[in-house]
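Spelled out, the chains give:
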Amino acid sequence: MQVDIPLKKVIDNSYSITIDMLPQIHFDHKVAIITNPKVAGLHLGYLLSKISAKELYIITVADGEEYKNQQSIDTILESLFNHRFNRKSLLIAFGGGVIGDMSGYAASIYQRGIDFIQIPTTLLSQVDASVGGKTGMNNQYGKNLIGAFHQPKAVYIDPHFLTTLPSREFAAGVAEIVKMAVTFNKEFFEFLESADLKNPKILQEAIKQAVQTKADVVSKDEKEHGLRAALNYGHTFGHVIENETQYKKFLHGEAVAIGMIMANETAVKMNLMSENEANRIQALLQKYDLPTTYLIKNTHTFYETFFLDKKSSDSSITFIIPVGIGDVRIADTIDKNTIMHVLNKFKES
Ligand code: NAD
Ligand code: GLY
């Protein structure tokens, strides 16, 4: 005996990303703004001058990657239950990528899924984390190991928020912009080489191009069955660096910057990138004071740590290797000698 459940259907999860000053928006449902004390202190007044709702609540969780955990999710869910949110209610993620990932995850599980929108306030979250529907939290086994794909209903990117961003956080966002350009868009890379992202008009154009690049990738491969993995350029090496330095020494974008340099070395070794192209990428990162070097104490331990990454399958490690500037290869069969050759170039003498 067999009972079939025909579930084949086309679901339209399309949404728009607005890159401009926040418009006035009114919601006819219950809305909760999820934020942290720092972002609220700096920008909640501005947000409340733009957003209104039938009932509007503010939920704050502690600031920091170390609070991207179950306890913060529970804080959010409890508040939603206390305020009797229902399936028509909406969450607004108002903060950097940490708030965005947690708000999206809470939205994905509350009563089996409610809507949320993203109002990202860091450069990294504006160009990357708020777009594409990856949501989640960390646990004792690692970063982002629990989560769901849950697309926001809309993303509002208001560059005004960036005026209060510390310069290191700004640069960390630039690293993700460079990532999009190197992997998918040579013209965009050349634009960045001659651009000054401290100029608000130029920055807005760069945000638009980075978001367009990511949107194109996500629309082709929403759940990372292939192409989307290319957005992890710099991350395979970067995650090991973050892990070795206990997430304390480098911001995520800074570790990704060093990771991109290591991926470039691999590409040069494999004759997929010229020395000159690698130098141009390094110069662009250095223009924004991003770190581009790291001293590896033990290359064997560094190599073994690759296998802790959730993107590694049981026996192989997926490396994202740029092919020149503007193209990329997702490689899970690079031999250990090639990688060790690269790691030895960064070895502490
Ligand atoms: P973050 O959210 O921790 O923000 C960095 C710091 O800046 C925090 O202290 C925050 O309170 C503060 N801040 C936020 N907006 C500010 C503003 N306008 N002015 C001054 N300070 C401000 O870090 P992040 O770099 O935005 O995001 C990193 C997180 O994003 C990581 O958890 C990472 O896993 C996640 N991420 C997710 C995706 C995705 O596709 N979902 C992609 C990339 C990164
Ligand atoms: N930040 C990588 C991705 O969204 O897929």
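Residues numbered from 1 in each chain as written. Chains lettered and ligands numbered in written order. Predicted model: local features only at pLDDT ≥ 70, side-chain atom pairs only at ≥ 80, totals over all residues. Heavy atoms only, no water.

S.K.: Honestly, the pattern of salt bridges in this entry has me stumped. Any pointers?
M.R.: Any two side chains of opposite charge can pair, on the condition that their charged atoms come close. Scanning the model with the defined rule gives 14 salt bridges in all. For the salt bridge of Glu 224 with Lys 134, the shortest nitrogen-to-oxygen distance reads 2.5 Å. Of the two residues, Glu 224 sits in the loop between α7 (200-220) and α8 (235-244) while Lys 134 sits in strand β6 (residues 134-139), which places them 90 residues apart along the sequence. Look at Glu 224 and you get partly exposed, because its relative accessible area is 22%. A salt bridge links Glu 193 to Arg 280, with the shortest nitrogen-to-oxygen separation between them at 2.9 Å. Here Glu 193 is found in helix α6 (residues 186-194), whereas its partner Arg 280 is found in helix α10 (residues 275-287), with 87 residues between them in sequence. It is possible to trace a salt-bridge network through shared partners that takes in Glu 65, Lys 68, Asp 101, Lys 143 and Glu 242. (Salt bridge = Lys/Arg side-chain N within 4 Å of Asp/Glu carboxyl O. Helix = DSSP H or I, 4+ residues; strand = E, 2+ residues; numbered from the N terminus. Buried < 20%, exposed > 50% of the residue type's maximum accessible area, 1.4 Å probe, protein only.)

S.K.: Is there a simple way to think about the packing of α6 against α7 in this case?
M.R.: If you want to describe how two helices pack, look at the angle between their axes and the distance between the axes. One way to put it is that α6 packs onto α7 with a least axis distance of 11 Å and a crossing angle of 160°. Considering the angle they form, α6 stands roughly antiparallel to α7. In this structure, α6 meets α7 at a crossing whose hand is left-handed. Each of Phe 188, Phe 191 and Leu 192 in α6 lies in contact with α7, whose residues at this interface are Ile 202, Glu 205, Ala 206, Gln 209, Ala 210 and Thr 213. (Axes fitted to C-alpha atoms, helices over the stretch in contact; angles between N-to-C directions. Parallel < 35°, antiparallel > 145°, perpendicular 65-115°, else oblique. Left-handed = near helix turned anticlockwise from the far one by under 90°. Contact = heavy atoms within 4.5 Å.)

S.K.: Sorry, what's going on with the site of ligand 2 here?
M.R.: Ligand 2 sits among Asp 128, Lys 134, Lys 179, Lys 214, Glu 224, Arg 228 and Leu 231. A distance of 3.1 Å separates a nitrogen atom of ligand 2 from a polar atom in the side chain of Asp 128. Lys 134 places a polar side-chain atom, nitrogen or oxygen, 2.9 Å from an oxygen atom of ligand 2. Expressed as a share of its isolated accessible area of 200 Å², the protein-covered part of ligand 2 is 88%. Across the shell around ligand 2, the residue classes tally to 1 nonpolar, no polar and 6 charged. (Near = heavy atom within 4 Å. Polar contact = N/O pair within 3.5 Å; in protein donor to acceptor, adjacent residues only side chain to side chain. Areas by Shrake-Rupley, 256 points an atom, 1.4 Å probe, with all protein chains shown as cover. Nonpolar A, V, L, I, M, F, W, Y, C, P; charged D, E, K, R; others polar.)

S.K.: Explanation requested: α7 in the structure shown.
M.R.: In an α-helix there are 3.6 residues to a turn, and that puts residues three or four apart on one side. Here α7 is 21 residues long and its end C-alpha atoms lie 30 Å apart, about the 30 Å a rise of 1.5 Å per residue gives. On its buried side, α7 packs onto β1 (16-19), α4 (123-129), β8 (154-157), α5 (167-184) and α6. For α7, the N-terminal capping position is held by Asn 199, with its side-chain oxygen 2.9 Å away from the main-chain nitrogen of Lys 201. (Expected span 1.5 Å × (residues − 1).)

S.K.: Is there a simple way to explain the sheet that holds β8 in this structure?
M.R.: Two modes of strand pairing occur in sheets, parallel and antiparallel, and in both the strands are linked by backbone hydrogen bonds. Strand order in the open sheet formed by 6 strands is β1-β8-β5-β4-β2-β3, and the pairing between neighbours is parallel. Since the sheet does not close on itself, it has two edges, and those belong to β1 and β3 (51-60), each with one partner. Going from strand to strand, the sheet's axes swing by 20° on average, the running direction of each strand aside. Pairing of strand β4 (residues 90-95) with strand β5 (residues 115-120) involves 6 bridges; the strand directions are parallel. Along β5, the bridge assignment pairs Gly 95 with Pro 120. (Pairing = 2+ DSSP bridges.)

S.K.: Sorry, what's going on with the site of ligand 1 here?
M.R.: Contacts to ligand 1 come from 26 residues, most closely from Glu 65, Lys 68, Thr 121, Thr 122 and Thr 164. At a separation of 3.2 Å, an oxygen atom of ligand 1 approaches a polar side-chain atom of Asn 144. Between an oxygen atom of ligand 1 and a side-chain N or O atom of Lys 214, the distance comes to 3.4 Å. About the coverage of ligand 1: the protein hides 91% of its 860 Å² of free accessible area.

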